[in-house]
Amino acid sequence: MEKAQAALKAEIKELLKRRNAVLLAHNYQRDEVQEIADITGDSLGLSREAAKTEADVIVFCGVHFMAESASILSPGKTVLLPREDAGCPMADMITPSDLAAYRSGHPNAVVVTYVNSSAEVKALSDVCCTSGNAVNVVRSIPEGKEIFMVPDRNLAHYVRKVSGRALSWWDGYCPTHERLTVAAVVKAKEAHPEALLIVHPECPPKVVDLADAVLSTSGMHGFCRRSSAKEFIVGTEMGILYRLRKENPGKRFHIASRTLICPNMKLTTLEDVRDSLASMSPVIRVPEEIRLRAKAALDAMLAVPRDAA
Ligand code: 13P
Ligand code: SF4
C-alpha cells in the first residue's frame, strides 16, 4: 500500500515537472494530497499564490469555486480541477438569478460576497470577502449604506456581531459546519478543559459564541503556531488537523466533533491528481466577460485597508 502510494506520488511529481504545473491543496484535503502539494492554504490564498508562480498549469485540489478563483486570477494558465464533481453546497445555495432579483429590488445595497460562491455570483457583487477579512470589508463600507451579505448566514451573523453594522443576508450555510452543535462543543470542552476552542465563522452563532477565537483556516494555522497554549479544540473540517499536528509537534489538537467532514473536500485522491495531469482535464475556465466583473469584486476586496475602521 505504502509502496503503491510512493510510486503514485513519484508519477505525479514527474507529471508536474513535465507540464510545468503547480499543485495546490486546500487545508481540508486528504492528508496524502496535502503532503504532496506545492502549496497548501485557504480558499483564496491558494489562487493568489499560484498567480505569482511561473507555472503554466494549476492543479487545484479543492472544490469548484476555488478553481474558478484560480482562473479569475490567472487567465493565462490552464486550471485543472481533478474532480469536476467536487462542488460546494453552500456556494450552490445562491444562483446568479437569485442575486440579480435581489439587486433589482434593492438597487442601493452594497452586496458583499464571500469567496465561497460561483464566479457568476461574484460578477454580480460589489465586493468579495474571505472568512478572514469579512469584518474589515464591512467596516470599510460608508455608514448608512444598506449591506447585503451572501451566501453564508453564519458568517454574516458573526460579521454583524463584531462590526456592529446593520446588515442583512442570504440564508445559505455550509452543511458541514452547520452540523457542529453546542452540545458537541460542550462535551469536547469537558473532555479537554485546558484546551482553547477555535472555530470557523461558518459555524452556527451559538457555537461561535463559545469560542476563544473565530478564525479562517489560515488564521487557525497562524494562531496555533503563535499561541502559548498547548491544547486546542478545533471547530472546522477535520482535514485541517494534518498540518496543525505536523507543524506543532509539542501541541495537542482535538476535533470538536467527528461529524466535521466535508464529503466534497474528500473526493480528490492521488489517482485523480495523476489522471488529471495525464489527460489535462477537467479544465475550469471562467468566460472573460464574467471573469472581468468577478475580478473587479475581488480587486475591490484587496483594496480595503487591513485596519478599516
Ligand atoms: P477558508 O479556508 O477560506 O477559511 O474557507 C473554509 C471553507 O469552508 C472552504 O470551503
Ligand atoms: Fe463548502 Fe462547507 Fe465544504 Fe467548504 S466545508 S467546501 S464551505 S461545504
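What you see is a predicted model; the values in this text were computed from it and never measured.

Calculation notes
- Residues numbered from 1 in each chain as written.
- Chains lettered and ligands numbered in written order.
- Predicted model: local features only at pLDDT ≥ 70, side-chain atom pairs only at ≥ 80, totals over all residues.
- Heavy atoms only, no water.
- Helix = DSSP H or I, 4+ residues; strand = E, 2+ residues; numbered from the N terminus.
- Buried < 20%, exposed > 50% of the residue type's maximum accessible area, 1.4 Å probe, protein only.
- Contact = heavy atoms within 4.5 Å.
- Lys, Arg positive; Asp, Glu negative; His and termini not counted.
- Charge placed at Lys NZ, Arg CZ, Asp CG, Glu CD.
- Pairing = 2+ DSSP bridges.
- Axes fitted to C-alpha atoms, helices over the stretch in contact; angles between N-to-C directions.
- Near = heavy atom within 4 Å.
- Nonpolar A, V, L, I, M, F, W, Y, C, P; charged D, E, K, R; others polar.
- Phe/Tyr/Trp six-rings, centres within 6.5 Å; stacked < 30°, edge-to-face > 60°.
- Polar contact = N/O pair within 3.5 Å; in protein donor to acceptor, adjacent residues only side chain to side chain.
- Areas by Shrake-Rupley, 256 points an atom, 1.4 Å probe, with all protein chains shown as cover.

Trainee: Is there a simple way to think about the overall build of the chain in this case?
Mentor: A count of helices and strands for the chain gives 15 helices and 12 strands. The principal-axis extents of the C-alpha atoms in the chain amount to approximately 60 × 55 × 30 Å. Here the chain holds 309 residues, and the buried ones make up 54% of them. Partitioning the contacts of the chain with sequence separation of at least 6, the portion at a separation of at least 24 is 61%. When the 39 basic and 38 acidic side-chain charges of the chain are each reduced to a single mean position, those positions are 4 Å apart.

Trainee: Explain the sheet that holds strand β4 (residues 78–80) to me, please; I cannot follow it from the model alone.
Mentor: Hydrogen bonds along the backbone pair up the strands of a sheet, which may run parallel or antiparallel. The sheet built from four strands is open, its strands ordered β2-β1-β3-β4 with parallel pairing. Looking at the sheet topology across the chains shown, the edges are occupied by β2 (39–41) and β4. This sheet shows a mean twist of 20° between the axes of neighbouring strands, independent of strand direction. Bridging between strand β1 (residues 21–26) and β2 involves three bridges; their strand directions are parallel. Bridge assignment links His26 to a residue of β2, and that residue is Gly41. Contacting β1, β3 (57–61) and β4, helix α4 (residues 64–73) crosses the sheet at an angle of about 160° to β3.

Trainee: Explanation requested: the site of ligand 2 in the structure shown.
Mentor: As a matter of local geometry, ligand 2 sits amid Tyr28, Val63, Cys88, Pro89, Met90, Asn116, Cys174, Glu202, Cys262 and Met265. Taken together, the residues that form the shell around ligand 2 break down as eight nonpolar, one polar and one charged.

Trainee: In this structure, what is going on with the packing of aromatic side chains? I would like to understand it.
Mentor: The relation between two aromatic rings is expressed through the spacing of the ring centres and the mutual angle of the planes. For the structure shown, the criterion picks out three aromatic pairs. Seen from their ring centres, Tyr102 and Phe148 are 3.6 Å apart, and the 10° between their planes marks the pair as stacked. Remark: Phe148 occurs in strand β7 (residues 147–150) and Tyr102 occurs in helix α5 (residues 96–105); sequence separation between them is 46 residues. Exposure remark for Phe148: the relative accessible area of 4% places this residue in the buried category. Plain terms: the ring middles of Phe223 and Phe232 are 6.5 Å apart, the flat faces sit at 75° to each other, and that makes the pair edge-to-face. The class of Phe232 is buried, set by a relative accessible area of 0%. An aromatic cluster of at least three residues, connected via ring pairs, comprises Phe223, Phe232 and Phe253.

Trainee: Got a minute to help me understand the site of ligand 1 in this structure?
Mentor: Surrounding ligand 1, one finds 13 residues, the nearest of these being His26, Ser43, Ser131, His200 and Thr217. Note that an oxygen atom of ligand 1 is positioned 2.8 Å from one of the side-chain N or O atoms of His26. Within the contact set of ligand 1, an oxygen atom lies 2.8 Å away from a side-chain nitrogen or oxygen of His200. In isolation ligand 1 offers 300 Å² of accessible surface; the protein chains occlude 95% of this area. Counted by class, the shell around ligand 1 contains four nonpolar, seven polar and two charged residues.

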